[in-house]
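# Examination of the molecular architecture
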Amino acid sequence: MAVTLKEVAERAGVSRSAVSRTFTDGASVSDKMRRKVEKAARELGYSPNALASSLTTGRTKLIGLVSNNFHNPIFLEVFDLFTRGLQDRGLRPLLVNLTDEVEPENSVRMLRQYSVDGVVVASSTLPPGFAKAFRDAGVPVVHSFGRSSSSPQVHVVGIDNVECGRMAARELVARGYKEVAFLGGPEAATSTQDRHAGFMSEMAQHPKIGVSCSFAEAYSFEAGRQEMLRILKSERAEAYFCGDDVLSIGVLSAILDSDLKVPEDIGIIGLNDMEMARWENIDLTTIHQPIRQIVSSSIELMVATLNEPDRYPEARIFPCSVVERGTLRPAIEG
């Protein structure tokens, strides 16, 4: 049988309300009283009931962690960082898969059934309307990996995807490629749109370089592989900016299976710097997205918003950088 609050109170020689206050964050209790209660709790093996505490405080400490891109291995890293980071703050992550969800209102309804205190939308492909729907329903929300904006409607933490597109284009130009291409994820994803826009705007400064573009059905290995196999049946570019590392790895697989070499025949640059990109057999040149900092900042902003629900929407945008590995030829000297 579980040890009850009443038994702890009897062992400590205090009232049940004193025990309750001891295990309630922010409640007033003297140091002497706290020591007596904690000693009795240790002796009896008592642990506070989180559900009962939520009924008393009106706070569940549940944070909905929602995403729609579970087939992308990068999110294993993201979810690991989020779940550990939230737990370290005394919060409880509730992981929700929105892969097949198209109506923001359904997501809001589902999360409210669990009485979450807040929601982190961890996705670069969900429409901004999903995060806004939570805000409109009065649920504190942070859109992690969301679209950057100078006047955000909700809290956003992420990167400038337009600048990342420009960055990739500059890298390909610096290496002397004369035919380059953008291979993105789903066209409807704002991350794809922004990376494509940045890439094309930079390449417009170099009219002598040929530019083409195509889009995969998803940010996944198989989608990247199938799109590249299709491209290789016709005229191919010399180098590709793939809008995501997992797409890049699928593209790399298709190239190697077609008896071509990277970077000798085709160059590749990705985006994210996921763990697999560093594997020796992949060795992907890519743009580093500071995932750890984005997650940490998202959690910090969520905690601040829980304490100050009317906090003005804030955008925290982190810089990215190129990580040189082995899938692009060297830059031209001078």
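Scope of this entry: the structure provided in the associated data block. Everything numeric in this text was worked out from a predicted model, so none of it was measured.

## Quick notes on the overall build of the protein chain
Looking only at helices and strands, the protein chain features 12 helices and 12 strands. When the backbone C-alpha atoms are referred to their principal axes, the protein chain occupies close to 85 × 40 × 40 Å. Sequence separation of at least 24 residues holds for 71% of the intrachain contacts in the protein chain that already meet a minimum separation of 6. The protein chain carries 37 positive and 43 negative side-chain charges, and their two centres are separated by 10 Å.

## Examining the pairing of strand E9 (residues 267–272)
For E9, the tally of buried residues reaches 6 of 6 residues, placing the bulk of the element in the interior. Covered by surrounding structure in E9 are Gly267, Ile269 and Leu271 together with Ile268, Gly270 and Asn272, the residues of both alternating faces. Pairing geometry for strand E8 (residues 239–242) and E9, over 3 bridges, is parallel. What sits directly across from Tyr240, in E9, is Ile268. Handedness of the β-α-β unit built from E8, helix H11 (residues 245–257) and E9 comes out right-handed.

## Section: the pattern of salt bridges
If you walk through the whole model with that rule in mind, you get 19 salt bridges. In this structure, the salt-bridge partner of Arg170 is Glu163, at a minimum N-O distance of 2.6 Å. A residue is classified by how much of its surface remains accessible, and Arg170, at 35% relative accessible area, is partly exposed. A salt bridge links Glu314 to Arg311; its shortest N-O distance comes to 3.5 Å. Its relative accessible area of 24% is what places Glu314 among the partly exposed residues. For Arg311, a relative accessible area of 24% puts it in the partly exposed group. A network of salt bridges, in which partner residues are shared, links Glu300, Glu308, Arg311, Glu314 and Arg316.

## Here's the deal with the sheet that holds strand E12 (residues 321–323)
The strand order across the open sheet built from 6 strands is E7-E6-E8-E9-E10-E12, with neighbouring strands paired in mixed fashion. Because the sheet does not close on itself, it has two edges, and the strands there are strand E7 (210–215) and E12. On average, each strand axis in the sheet is inclined to that of its neighbour by 25°, with strand direction left out of account. When strand E6 (residues 179–184) meets E7, the two strands line up parallel, connected through 6 bridges.

## Looking at helix H8 (residues 161–174)
Side chains of residues three or four places apart in an α-helix project in the same direction, reflecting 3.6 residues per turn. Along its 14 residues, H8 runs 20 Å from first to last C-alpha, staying within 8% of the 20 Å computed at 1.5 Å per residue. Those residues of H8 not exposed but buried are Asn161, Cys164, Gly165, Met167, Ala168, Ala169, Glu171 and Leu172. At the N-terminal end of H8, a side-chain oxygen is found 3.1 Å from the backbone nitrogen of Val162, two or three residues along, and the residue is Asp160. Backbone geometry just after H8 places Gly176 at a positive phi near 80°.

## A closer look at the packing of helix H5 (residues 74–88) against helix H12 (residues 291–307)
The interhelical angle for the contact between H5 and H12, taken along N-to-C directions, is 35°, at an axis separation of 10 Å. Crossing angle aside, the handedness with which H5 passes H12 is right-handed. Residue-level inspection shows Ile74, Val78, Leu81, Phe82, Gly85 and Leu86 of H5 in contact with H12, the latter providing Ile291, Arg292, Val295, Ser298 and Ile299. Here the contact of H5 with H12 is built from residues that sort into 8 nonpolar, 2 polar and 1 charged.

## So, the nonpolar core
Among the nonpolar cores identified, the biggest contains 70 residues, and Phe82, Phe199, Met228, Tyr240, Ile255 and Ile287 are the most heavily contacted of them. Within the second largest apolar cluster, 17 residues are counted, among which are Val121, Val139, Val154 and Val156.

Calculation criteria
- Residues numbered from 1 in each chain as written.
- Predicted model: local features only at pLDDT ≥ 70, side-chain atom pairs only at ≥ 80, totals over all residues.
- Heavy atoms only, no water.
- Helix = DSSP H or I, 4+ residues; strand = E, 2+ residues; numbered from the N terminus.
- Contact = heavy atoms within 4.5 Å.
- Lys, Arg positive; Asp, Glu negative; His and termini not counted.
- Charge placed at Lys NZ, Arg CZ, Asp CG, Glu CD.
- Buried < 20%, exposed > 50% of the residue type's maximum accessible area, 1.4 Å probe, protein only.
- Pairing = 2+ DSSP bridges.
- Right-handed = clockwise from strand over helix to strand, strands pointing away.
- Salt bridge = Lys/Arg side-chain N within 4 Å of Asp/Glu carboxyl O.
- Axes fitted to C-alpha atoms, helices over the stretch in contact; angles between N-to-C directions.
- Expected span 1.5 Å × (residues − 1).
- Polar contact = N/O pair within 3.5 Å; in protein donor to acceptor, adjacent residues only side chain to side chain.
- Left-handed = near helix turned anticlockwise from the far one by under 90°.
- Nonpolar A, V, L, I, M, F, W, Y, C, P; charged D, E, K, R; others polar.
- Core = buried A, V, L, I, M, F, W, Y, C linked by side-chain atoms within 4.5 Å.

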